[in-house]
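# Notes for the structure review
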Amino acid sequence: QVQLVESGGGLVQAGGSLRLSCTASGRTFSRYTMGWFRQAPGKEREFVAAMTWTGGTTLYADSVKGRFTISRDNAENTVYLQMNSLKPEDSAVYYCSRQETGIGVVAVDRFGSWGRGTQVTVSS
């Protein structure tokens, strides 16, 4: 079973940047599509971004396209989310997740392992 630990959240002003990191335990990180989701108070968890294990395919939510960038370092079992031009509506708990089936593709409905999350707060 994989363990995912997020870090890098915090409080930032609108227009600022943050870089989230997620480190996974275990030896199977490099074969899996990894992704980021977020959940704001009173809202359902939503997809943010994902990347296949080779980095050949990425997918972003429309709300973050052009502002967020997902990347990964398979040697370090780590996936990143660079967030630029942050807006107050980006405030949420951000979760790292592993897609459980489907090597080489991104399938938003197949994510199953979750970290505990890291809080991102963007002030106006």
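Our subject in this report is the structure included herewith.

What counts and how
- Residues numbered from 1 in each chain as written.
- Predicted model: local features only at pLDDT ≥ 70, side-chain atom pairs only at ≥ 80, totals over all residues.
- Heavy atoms only, no water.
- Helix = DSSP H or I, 4+ residues; strand = E, 2+ residues; numbered from the N terminus.
- Buried < 20%, exposed > 50% of the residue type's maximum accessible area, 1.4 Å probe, protein only.
- Contact = heavy atoms within 4.5 Å.
- Salt bridge = Lys/Arg side-chain N within 4 Å of Asp/Glu carboxyl O.

Residue Asn77 is not a glycine yet carries a positive backbone phi of 55 degrees. Within the fold, Asn77 resides in the loop between strand S7 (68-73) and strand S8 (78-83). The exposure class assigned to Asn77 is buried, which follows from its relative accessible area of 18%. Phi is positive for Ser85, close to 50 degrees, though the residue is something other than glycine. Locating Ser85 in the fold gives a position in the loop between S8 and strand S9 (92-99).

Our next topic: the environment of Val105. By the element assignment, Val105 lies in the loop between S9 and strand S10 (111-114). As a C-alpha pair, Val105 and Leu59 span 46 residues in sequence and 9.9 Å in three-dimensional space. Not counting the four nearest positions on each side in its chain, Val105 is found in contact with Thr33, Thr52, Gln99 and Arg110.

Counting across every chain of the model gives 5 salt bridges. Linking Asp62 and Lys65 is a salt bridge whose minimum nitrogen-to-oxygen distance equals 3.2 Å. The class of Asp62 is exposed, set by a relative accessible area of 64%. Notably, a salt bridge pairs Arg98 with Glu100, separated by 3.0 Å at the nearest N-O pair. Since its relative accessible area comes to 29%, Glu100 is described here as partly exposed.

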